[in-house]
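Now for the letters of each chain:
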Amino acid sequence: MLLIPCPWCGPRDEAEFHYGGQAHVAYPADPAALSDEEWARYLFFRDNPKGRFAERWSHTAGCRRWFTLTRDTATGVFESEAGA
Amino acid sequence: MRDVPPQPERLWTSPEPKRSYDVVIVGAGGHGLATAYYLAKNHGVTDVAVLERGWLAGGNMARNTTIIRSNYLWDESAGIYEHALKLWEGLEEDLGYPLLFSQRGVLNLAHSLQDVRDGVRRVHANRLNGVDAEWLGPEEVKEVCPIVDVSPGVRYPVLGATYQPRAGIAKHDYVAWGYARAAAAMGVHLIENCEVTGVEVVDGRAVAVHTPLGRIAAGKVALAAAGHTSVVAETAGVRLPLQTHPLQALVSELLEPVHPTVVMSNAVHVYVSQAHKGELVMGAGIDAYNSYRQRGAFHVIERQMSAALELFPVFARAHVLRTWAGIVDVSPDASPIVGLTPVEDLYVNCGWGTGGFKATPGVGWCYAHTIAHGEPHPLAAPFSLERFTTGALVDEHGAAAVAH
Amino acid sequence: MTSRRREGVAGETLRFRYDGRDYEGLRGDTLAAALLANGVRAVVRSGGLGRPRGIYASWTEEPNALVQIEEPFPEPMLQATTVELYDGLVATGLGGRGRLADRPDPARYDAVHAHCDVLVVGAGPAGLAAATAAAASGARVILADDRPAAGGCLPDTGETVDGVSGTTWAAGMLAELAGRPEARVLPRTTVFGYYDDNYLVAVERREEGAASRERIWRIRARRVVLATGAHERPIAFAGNDRPGVMLAGAARAYANRYGVLAGRRAVVFTTGDGAYDAARDLAAAGVEIAAVADVRRDAHALDEALAVAGPLAGTEVLTGHVVTGVGSAPDGSVASVTVSGPSGEREIEADLLLVSGGWNPVVHLFSQSGGALRFDEELHAFVPGEAAQAVEVAGAARGVYTLAGCLEDGVATGTRAAEAAGFRVPPHPVPAAERVTALPSGRLWLVPADDYETHFVDLQREVTVADVMRATGAGLRSVEHVKRYTTAGTAHDQGKLFGVLTSAVVAHATGVEIGDLGTTTFRAPYAPVSFAALAGRDRGMLHDPVRVTSLHGWHAAHGALFENVGQWKRPWYYPRPGEDMETAVLRECRAVREGAGAMDASTLGKIDVQGPDAAEFLDRLYTNMMSTLKVGAIRYGVMCRADGMVFDDGTVMRLAEDRFLATTTTGNAAAVLDWMEEWLQTEWPSLRVYCTSVTEHWATVALAGPRSREVLAGLAPGLAVDAASFPFMTWRDAEVAGIPARVCRISFSGELAYEINVNAWDGLALWEAVVGTGVVTPYGTETMHVLRAEKGYPIIGQDTDGTVTPADLGMDWVVSKKKADFVGKRSHARADTSRPDRKHLVGLLPEDPGLLLPEGAHLVATSRLPEPPVRALGHVTSSYRSAALGRTFALALVSGGRERIGERLYVPLGGDPVPVTVTHHVLYDPEGARRDG
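What you see is a predicted model, and the numbers here were worked out from it, not measured in a lab.

Asker: Could you clarify how one ought to interpret the overall build of chain A in this entry?
Answerer: Assigned secondary structure in chain A consists of one helix and six strands. If you list the helices and strands of chain A from N to C, you get β-β-β-α-β-β-β. Oriented by its inertia axes, the alpha-carbon framework of chain A measures out at about 40 × 30 × 20 Å. Relative to its full complement of 84 residues, chain A shows a buried share of 46%. Across chain A, every contact between residues at least 6 apart in sequence was considered, and the portion connecting residues at least 24 apart equals 45%. Total accessible area on chain A is roughly 3,800 Å²; 52% of this is exposed by carbon and sulfur atoms. For chain A, the centre of its 9 positive side-chain charges and the centre of its 12 negative side-chain charges are spaced 5 Å apart.

Right, here's the structure in full:
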């Protein structure tokens, strides 16, 4: 059970959160302008590093805010990272 | 308990790696070993090395709950899983190894009217695909597995189940060792403690792998690295739509036989069988977040236990003896990715998520064909990387039994 | 039966039955102690080989004495060494498999969350010292210990601390902790799992009379001190599984803690000094020590010391000797011990063989925490190395084996932990204990022999050194492979006692160093935990919350049967006396089509979306245009995932320029709200929009049927209900039955219909008023499903499965062509989503109008089924008997279905495939003539 540092509520149990996968994947500005390959990249392809990973969490059983954290997927340790 | 079958006197040797092989397979799990075996047996390709970062078959092969079934919804899935099941049915003889393959059937329980519709749909689809399947009402469920609580008063009553009699379990280690032994006997090199740290690509073609034991040239490189596939593929510049998650499982102490079949439930989330020695073997859903650590969170286990007791009240005083986790590579449509990559002579077999064990012989067969011929085996063709671009997904979320 | 109880030991007598015979024991005994006190040595027979087996250890490390509890309630496979004796206990020895009860467990189980600054695991000398030191700082301290009484090994060894007996000292420490308001002591509590971020889980076996039988503690600790002690190590020698072969420390524990003598005449087999203490205590208690076989050739100093004084005076110490064989009595237990060494080989008569191969620190939790282990060449043991979490290890758990050392280490560690957690620890005295100096221990894992068939390394799994060597001979090099090949270490004890020894044998056989080979992984749980304890209260109706509407009581009182929809209980249908489901549903359907019906629609998700950019926001999420909706109007809408597949549908009503109310399907309400929040917060934070779930604020009554206008008019005299004043797809605020209400003119049945929304508190009053008109028939979800299917309206999740686009459903009209983008739009242009042979939603009419197709049945093109695999054209998603059509009908997803309308297809149902005709998916009132009544 991870202890996840919610920037709004402080550290809380993992069970209170919903996972959102890789952070900083922006919805394309003009999807219609993308090729099928480019659109597929947006839809389905996400980083899957063994190591540092910027990822999104939502504190669904708390403040319900989405935020971004960086965690090492090989050690489970969070770095602190500000911002939503 | 001296109840394990006699084991062969010789399993495999640990040769020094050569400087070059026709085919280098990355990962000596069940899939890698089976692929090597069928490369040698079906295609005469024996100049093969299977490189393993740890101990042979020590990843998900050693950690899965050994359920074998082929009752998948879509034609594409039924094709490859049923091919696998047919191979399972002759595998002990083929490998000359006792695999404790036991066709004790699998029940997939339905707990809502929509579960019933989905179950009946799958039964009809299975039958058209030549997969044995029956729809059972609650009383018939009780006949197959008397300890399932089918009373109507529980939170999510059992409204019925799909039943595949030919499904079952096998002893995972023996499957790996059986393939390893047979492959080694045909000249395949099995090399443990040899992590592939990079795939060397020259002019768009994979030519070698790099390991702590040195560079090993390869005519073809075939990945079978499960949860670590993304890491290895990235060294070749290949990006795959995979996410790596922990998946936990557990066993109880040895118990007198109480559970004659395999029971899976999506809604009351757990799957259970009783292994030949008597321990209950159970699993549930993956842990939610990406992780390369073979450990999960405890609340997942607690939830799994409450689900187990909903279905099997008699388990109340059984004890959890050991828990563990593997890391599984999950694809967007809960179906595998098997085939060619944008890099020539580099092949991938990944994305099996929670379903890899049951496919072992089938995927080994098809992947070997794909590698040997340089084009996908017909049963593997629907599982190309290309489908994510066209949108022709094989969405098996419903059948995967775990909530991805 | 011979009593092996030491003289002067007394207490409350308890009666118990073991393997069919009645015995007596004392309160405070474990079952193992009581059995030994009664002279029972062979307590189980091994499963495969049928060898008699005795009691090997004295606590959770016991590898042998497994029992099945029969009474008061069957419980499989417990260790006799940890079962606290109680009056009326009935147990049997277990050589193989445990047995589950065939009746429900009446006991209750529980869980509790706790947070602390310092968690100390283990209340032995080091743990008590650590806990008292940490608690003195005012830190929140939890001290958890798996024994019923604190003190760890002190009651076993009888050592003194601060000049008083160890047990007295331990009691004093507990009293000190009891005086600290922030300290909590948890006896009988086994910490069995060490997870991420210092989250540890423990199981408390509660005393009789407690609110639950067992309780799981979920503890989040700032710092953890592991004072988990050490397990004495066995040695692999021929016959090391015989009853009467026992760890030296265990025999000492039985003598000192329980006043029980495990034998009369003992041989000691040791690699170090510890066994001499055990031998001395046993000798003082009246056990004859026949000889000490000490593997060390240089143990002469001890030899001389022993000769001078004390209970062991004159005991023969055979230095450089090992045990090479065990002779057995008729019951299989030890009758003699063969020792061999520089003096040659001798057979010594004895009924007890005390073994001490050194000590293994209990590193399980440390290893679970992610900490590294290293092999200590002086201690010949794996000890904690670098930590991965905020944890420290104290005392024997890190290889400090003297009492004085443990006390000192405990104080230091407890102090360090509290200070690391931000507390200041006042100067804390180190409790005093006798300082002893010991000779270095010898190292012996395995007594060499020609034949290793009875050198056991796993007593339950009956694995011998010979088996291990067969595994290494087969080419296996990894200790994990050997474990799996031989099954050593996979039994109930998970190799607690013999695991390291097994590694040593593998190392020996393969010619590597044990430190390089390592051990198998230490996994949770440290000791077995019952399923029921882990399930806790989350069973039965508490397994998942039950959600009911404010009308639920009425439905139940009026005979409704319920359907689970997500967590909700929804009325399925309302059978009248004598009606089966089919009759009831046909009656309800007819009532709605011909008169009026009412359904509780309160479970539909309702999301209040407001803010200046609300319209823009909804335009981006729904496939159709919402910004053009007029205040007072309602529009049906569909949402897709980014992959273009239908995700949810519902109505959107515009309440004000900047305010909408969106409804969702019952099962998807939370998912849709989450979906909205995710887009708002992570993609479009500049949009000024707020989303609030108001599902439970409202009770919603769907009033449908040609007579619904008349019913509504009667209940809402102030509301103009004529079609012109209150047109389709609009809403009005009104008073209905005297209750403030929002009335929507929408229909999911094709009939003239309304949805009346009131405050949830007023729901029952509204419902009773509607039904009380006498012309309105209550109907359930099944009727709703039939009526909507007749109209071709899909149910998301039933007629769709995550692979269906709006176009597949024949809903091009709901997909805006004007909007530059909406979520999912780009995916509709991909190759596969624009294929002409995609599966379309169509209607099916079986040629036999009485034949009800099973939902899920498949469609094929030919009347004769070829050999599998057969490519299906699609499947039946919904299938009903229709009162309005006077026949059965179905909806189906069929490849190229819209181009097949009028075609005959076939449904294989076992025999010959049955013919059906493909139709448009709207089968009832396709012109929409009934909408306005």
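Asker: In this structure, what is going on with the interface of chain B and chain A? I would like to understand it.
Answerer: Size of an interface: often given as the accessible area lost when the parts come together. Facing 25 residues of chain B, the contacting portion of chain A comprises 24 residues. Counting the surface lost from both chain B and chain A, the interface buries some 2,100 Å², and carbon and sulfur atoms represent 54% of this. If you look at where chain B meets chain A, you find one salt bridge. Asp47(A) serves as the salt-bridge partner of Arg239(B), at 2.4 Å between the closest nitrogen and oxygen.

Asker: Would you take a moment to explain unusual backbone geometry for this structure?
Answerer: Most peptide bonds take the trans configuration, and most residues that are not glycine carry a negative phi. In this structure, the amide linkage connecting Ala524(C) to the following residue, Pro525(C), adopts the cis form with an omega of -5 degrees. Its place among the elements puts Pro525(C) in the loop between α13 (514-517) and β31 (529-530). A cis amide bond links Pro868(C) to the next residue, Pro869(C), at an omega of 0 degrees. With respect to the helices and strands, Pro869(C) occurs in the loop between β46 (858-859) and β47 (874-882). Unlike most non-glycine residues, His24(A) shows phi in positive territory, near 65 degrees. Within the secondary structure, His24(A) is located in the loop between β3 (18-22) and α1 (36-44). Note on His24(A): relative accessible area 62%, which makes it exposed. Even without being glycine, Glu462(C) reaches a positive phi, approximately 55 degrees. Following the sequence through the fold, Glu462(C) ends up in the loop between β29 (456-458) and β30 (463-464).

Asker: Looking at this structure, how should I read the pairing of strand β1 (residues 20-26) of chain B?
Answerer: Regular strands place side chains that alternate from one sheet face to the opposite one. All names here are of chain B. Burial analysis of β1 places five of its seven residues in the buried class, the great majority of the element. In the sheet, β1 pairs with strand β11 (residues 214-223) via six bridges, with the strands oriented parallel. In the sheet register, Val-23 faces β11, and the bridge partner there is Lys-220. Bridging between β1 and strand β2 (residues 48-51) involves four bridges; their strand directions are parallel. In the strand pairing of β2, Val-23 is matched with Val-48. What joins β1 to β2 is helix α1 (residues 30-43), and the crossover it makes is right-handed.

Asker: Help me out: how do you make sense of the environment of Arg443(C) in this one?
Answerer: All names here are of chain C. Topologically, Arg-443 is positioned in the loop between α9 (403-420) and β29. Here Arg-443 falls in the partly exposed class, since its relative accessible area comes to 33%. A C-alpha to C-alpha distance of 30 Å links Arg-443 and Ala-33, two positions 410 residues apart in sequence. Setting aside residues up to four positions removed in sequence, Arg-443 forms contacts with Phe-375, Glu-377, His-380 and Ile-514. Among the polar contacts listed, one links the side chain of Arg-443 to the side chain of Glu-377, at a separation of 2.5 Å. A polar side-chain atom of Arg-443 sits 3.1 Å from a polar atom in the side chain of His-380.

Asker: Is there a simple way to think about the sheet that holds strand β6 (residues 78-79) of chain A in this case?
Answerer: By definition, the strands of a sheet pair up through backbone hydrogen bonds, in either a parallel or an antiparallel sense. In space, the four strands of this open sheet follow the order β3-β4-β5-β6 (chain A), with antiparallel pairing throughout. Two strands lie at the open edges of the sheet, namely β3 and β6 of chain A, each paired on one side alone. For β3(A) and strand β4 (residues 52-58) of chain A, the ladder comprises three bridges, and the chain directions are antiparallel. Note on β4(A): the bridge partner recorded for Tyr19(A) is Trp57(A). Together, β4 and β5 (66-72) of chain A form the strand contacts of helix α18 (residues 669-683) of chain C, whose direction differs from that of β5(A) by roughly 75 degrees.

Asker: Looking at this structure, I do not really get the interface of chain B and chain C. What am I missing?
Answerer: Contacts between chain B and chain C engage 81 residues on the former and 102 residues on the latter. In this assembly, chain B packs against chain C so that about 7,800 Å² is buried in total across both faces, 54% of it on carbon and sulfur atoms. Counting across the interface, chain B meets chain C through eleven salt bridges. At the junction of chain B with chain C, the criterion picks out 39 residue pairs in polar contact (both at pLDDT 80 or more). Looking at the side of chain B that touches chain C, the elements with two or more residues in it are α2 (75-95), α3 (113-128), α5 (172-185), β12 (243-254), β15 (279-286), α7 (298-311), β16 (319-330) and α9 (387-390) of chain B. When the residues that make up the side of chain B that touches chain C are grouped by side-chain class, the tally is 40 nonpolar, 18 polar and 23 charged.

Asker: It is not clear to me how the pattern of salt bridges should be interpreted in this structure. Could you clarify?
Answerer: Note on pairing: side chains with opposite charge can pair once their charged atoms come close. Inspection of every chain in the model, using the stated rule, returns 82 salt bridges over all chains. The salt bridge involving Arg218(C) is made with Glu302(B); its shortest N-O contact spans 3.1 Å. One end of the pair, Arg218(C), is in strand β15 (residues 214-226); the other, Glu302(B), is in helix α7, on a second chain. Glu207(C) is the partner of Arg188(C) in a salt bridge, and the nearest nitrogen-oxygen pair spans 3.7 Å. Note that Arg188(C) is positioned in the loop between β12 (183-186) and β13 (189-195) and Glu207(C) in the loop between β14 (199-205) and β15, a separation of 19 residues in sequence. Taken together, the salt bridges that share partners define one network made up of Glu82(B), Lys86(B), Glu89(B), Asp132(B) and Arg166(B).

Asker: Would you mind going over the UniProt feature "domain: Rhodanese" (unreviewed entry) in chain B with me for this structure?
Answerer: As recorded in UniProt, the sites labelled "domain: Rhodanese" (unreviewed entry) are residues 23-67 of chain B. Between the first and last C-alpha atoms of residues 23-67 of chain B the distance is 30 Å; the span itself is 31% helix and 20% strand.

Asker: For this particular structure, what's the right way to read the confidence of the model for chain B?
Answerer: Should pLDDT be low for a region, the predicted coordinates there are not to be read in detail. All names here are of chain B. The predicted model of chain B averages 94 in pLDDT, with 97% of residues at 70 or higher. With pLDDT under 50 throughout, residues 400-404 is counted as low confidence; its partners more than four residues away or in other chains account for 21 contacts. Scored by ipTM, the complex comes to 0.96, with pTM at 0.95.

Asker: How should I be thinking about the nonpolar core in this particular structure?
Answerer: Taken as a class, soluble globular proteins show a tendency for nonpolar side chains to be buried jointly. Counting residues in hydrophobic clusters, the biggest one holds 164 residues, and the most contacted among them are Leu31(C) and Phe269(C). Among the nonpolar cores identified, the runner-up in size contains 63 residues, and Cys194(B), Ala218(B), Val609(C) and Trp684(C) belong to it.

Asker: Looking at this structure, how should I read a nonpolar patch on the surface?
Answerer: All names here are of chain C. Taken together, the side chains of Met-541, Val-546 and Val-548 present a nonpolar region at the surface, about 210 Å² in accessible area. For Val-546, the position within the fold is in the loop between α14 (531-535) and α15 (552-557). For Val-546, a relative accessible area of 34% gives the class partly exposed.

Asker: Would you mind going over the packing of α1(B) against α5(B) with me for this structure?
Answerer: How two helices sit against one another is set out by the angle between their axes and by the gap between those axes. Residues and elements named next belong to chain B. Where α1 meets α5, the closest approach of the two axes is 9 Å, and the angle between their N-to-C directions is 35 degrees. Relative to α5, α1 is oriented so that their crossing is left-handed. Seen from α1, the contacting residues are Leu-33, Ala-34, Ala-36, Tyr-37 and Tyr-38; seen from α5, they are Ala-176, Tyr-179, Ala-180, Ala-182 and Ala-183. Classifying every residue of the contact of α1 with α5 gives ten nonpolar, no polar and no charged.

Asker: I would appreciate a short explanation of the packing of aromatic side chains in the present structure.
Answerer: Remark: the centre distance and the inter-plane angle together describe each pair of aromatic rings, the angle taken between the planes. The full count for this structure, using the stated rule, is 42 aromatic pairs over all chains. Pairing Phe375(C) with Phe382(C) gives two aromatic rings, centres 5.0 Å apart and planes at 70 degrees, and the pair type is edge-to-face. For the pair Phe375(C) and Phe382(C), one class covers both residues: buried. One aromatic cluster in this structure is built from Tyr27(A), Trp39(A), Tyr42(A), Phe617(C), Phe647(C), Trp675(C), Trp679(C) and Trp684(C). Residue placement shows Arg742(C) over the ring face of Trp731(C); its charged tip is 5.5 Å from the ring centre.

Asker: Teacher, can you tell me more about the domain arrangement of chain B here?
Answerer: Residues and elements named next belong to chain B. We note that the domain assignment places domain 1 (20-65 + 172-241 + 332-390) and domain 2 (103-166 + 243-330) within chain B. The largest share of the area that domain 1 buries against domain 2 comes from Arg-63, Thr-65 and Gly-227, three residues that together contribute 43% of it. Seen at the junction of domain 1 and domain 2, the total is zero salt bridges. In this assembly, domain 1 and domain 2 are joined by seven residue pairs in polar contact (both at pLDDT 80 or more). By residue number, the principal contributor to the side of domain 1 that touches domain 2 is helix α6 (residues 229-235), which donates three residues.

Conventions adopted
Residues numbered from 1 in each chain as written. Chains lettered and ligands numbered in written order. Predicted model: local features only at pLDDT ≥ 70, side-chain atom pairs only at ≥ 80, totals over all residues. Heavy atoms only, no water. Helix = DSSP H or I, 4+ residues; strand = E, 2+ residues; numbered from the N terminus. Buried < 20%, exposed > 50% of the residue type's maximum accessible area, 1.4 Å probe, protein only. Contact = heavy atoms within 4.5 Å. Areas by Shrake-Rupley, 256 points an atom, 1.4 Å probe, with all protein chains shown as cover. Lys, Arg positive; Asp, Glu negative; His and termini not counted. Charge placed at Lys NZ, Arg CZ, Asp CG, Glu CD. Buried area = accessible area lost by both parts, 1.4 Å probe. Salt bridge = Lys/Arg side-chain N within 4 Å of Asp/Glu carboxyl O. Pairing = 2+ DSSP bridges. Right-handed = clockwise from strand over helix to strand, strands pointing away. Polar contact = N/O pair within 3.5 Å; in protein donor to acceptor, adjacent residues only side chain to side chain. Axes fitted to C-alpha atoms, helices over the stretch in contact; angles between N-to-C directions. Nonpolar A, V, L, I, M, F, W, Y, C, P; charged D, E, K, R; others polar. UniProt positions renumbered as here; feature names shortened; annotations may be inferred. pLDDT = per-residue confidence, 0-100. Core = buried A, V, L, I, M, F, W, Y, C linked by side-chain atoms within 4.5 Å. Patch = residues over 30% accessible without salt bridge, like charges linked within 9 Å, V, L, I, M, F, W, Y side chains within 5 Å. Left-handed = near helix turned anticlockwise from the far one by under 90°. Phe/Tyr/Trp six-rings, centres within 6.5 Å; stacked < 30°, edge-to-face > 60°. Lys NZ or Arg CZ within 6 Å of the ring centre and 35° of its normal. Domains from an automatic or database assignment.

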